[in-house]
Amino acid sequence: MTDHTPDNHPALMAPSLRRRMACWLYEGMLMFGVVFLASYLFSTLTQTRHALDNRHAQQAFLFVVFGIYFTWFWAKGQTLAMKTWHIRVVDRNGQPLSQPRALLRYLLSWLWLLPPLAVSGLFNLPGGELTVLLIGWIAIWALLSRFHPQRQFLHDALAGTRLVHHLAPAKK
């Protein structure tokens, strides 16, 4: 007899790590467009003429824009990259995310980048060393999902969310 509680239901298992990382990379490429538009809007509204002027304010603005982007799409179930790779984000029970849970997932997803950035700032590492540190941290972070019972990333486990395989219903 198998136990089909929400936490170990086969339909709620994560897609392969390869697919999730491909989706992650594709999401990163799509974010270039979001960064471009948001930066243009910020520069226009603040009359910034030099790229380094208002740098910290622009970074804070982009953090908020990213938060709005991801929270809105995740509450709907998928970003464009996730649709492409047939991945959906749901809560522990397989239900759509609420806006607060999507926001919590967004904040916790920064664990992908903040630790190496903090170490780099603390030790004033040059760009090449920061790149190696980032790639190493991302690889370790991704591989740690192999130890989770449902193969979820740590930030998903902490946020009470999970990535699942999802095919859109066929159109008639």
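In this text the structure is predicted, and so the values were computed from the model without any measurement. (Residues numbered from 1 in each chain as written. Predicted model: local features only at pLDDT ≥ 70, side-chain atom pairs only at ≥ 80, totals over all residues. Heavy atoms only, no water.)

A. Quick look at the nonpolar core. Among the nonpolar cores identified, the biggest contains 26 residues, and Met21, Phe70, Trp74, Met82, Trp112 and Phe153 are the most heavily contacted of them. Sorting the residues of this core by element identifies helix 1 (17–46), helix 2 (55–76), helix 3 (80–84), strand 1 (87–91), helix 4 (99–109) and helix 6 (127–143) as the ones contributing at least two each. Ranked by the residues each element gives to this core, the list is headed by helix 2, at 7 residues. Ignoring any residue separated from it by four or fewer positions in sequence, one finds Phe70 in contact with Glu27, Met31, Thr79 and Tyr106. (Core = buried A, V, L, I, M, F, W, Y, C linked by side-chain atoms within 4.5 Å. Buried < 20%, exposed > 50% of the residue type's maximum accessible area, 1.4 Å probe, protein only. Helix = DSSP H or I, 4+ residues; strand = E, 2+ residues; numbered from the N terminus. Contact = heavy atoms within 4.5 Å.)

B. Main features of the environment of Phe73. Within the secondary structure, Phe73 sits in helix 2. Excluding residues that lie within four positions of it along the chain, Phe73 makes contacts with Gln78 and Thr79.

C. Representation of the packing of helix 1 against helix 2 within the structure. Where helix 1 contacts helix 2, the two axes come as close as 10 Å, and the packing angle between them is 125 degrees. The orientation of helix 1 with respect to helix 2, classified from their angle, is oblique. Seen along the crossing, helix 1 lies across helix 2 with a hand that is right-handed. Contact residues: helix 1 offers Glu27, Met31, Val34, Val35, Ala38, Ser39, Leu41 and Phe42, while helix 2 offers Ala57, Gln58, Phe61, Leu62, Val65, Phe66, Tyr69 and Phe70. (Axes fitted to C-alpha atoms, helices over the stretch in contact; angles between N-to-C directions. Parallel < 35°, antiparallel > 145°, perpendicular 65-115°, else oblique. Left-handed = near helix turned anticlockwise from the far one by under 90°.)

D. Highlighting helix 6. Taking 1.5 Å of rise per residue, the 17 residues of helix 6 would be expected to cover 24 Å, and the 24 Å separating its terminal C-alpha atoms lies within 8% of that figure. Tucked into the core, helix 6 has its buried residues touching helix 1, helix 5 (114–123) and helix 7 (154–159). (Expected span 1.5 Å × (residues − 1).)

E. Fine view of the packing of aromatic side chains. With the rule as written, the count across this model stands at 13 aromatic pairs. Here a set of aromatic residues connected by ring pairs shows up, and it is made of Phe63, Tyr69, Phe70, Trp72, Phe73, Trp74, Tyr106 and Trp110. Across from the ring centre of Phe153, 4.5 Å away, lies the NZ or CZ of Arg20, which sits over that ring. The ring of Trp74 has Arg105 sitting right over it, with the charged end atom 4.3 Å from the ring centre. (Phe/Tyr/Trp six-rings, centres within 6.5 Å; stacked < 30°, edge-to-face > 60°. Lys NZ or Arg CZ within 6 Å of the ring centre and 35° of its normal.)

F. Geometry of the packing of helix 1 against helix 6. For the pair helix 1 and helix 6, the least separation of the axes is 11 Å and the interaxial angle reads 140 degrees. With respect to helix 6, the element helix 1 is oriented oblique. In terms of crossing hand, the pair formed by helix 1 and helix 6 is right-handed. Contacts from Leu17, Met21 and Trp24 in helix 1 reach Ile138, Ala142 and Leu143 in helix 6.

G. Local environment of the confidence of the model for the chain. Model confidence for the chain is summarised by a mean pLDDT of 91, while 92% of its residues fall at 70 or above. Within the chain, the lowest mean pLDDT, 94, falls on helix 5, and the highest, 98, falls on helix 4. Ignoring residues within four places in sequence, the model shows residues 1–5, a span with pLDDT below 50, making 3 contacts including any to other chains. (pLDDT = per-residue confidence, 0-100.)

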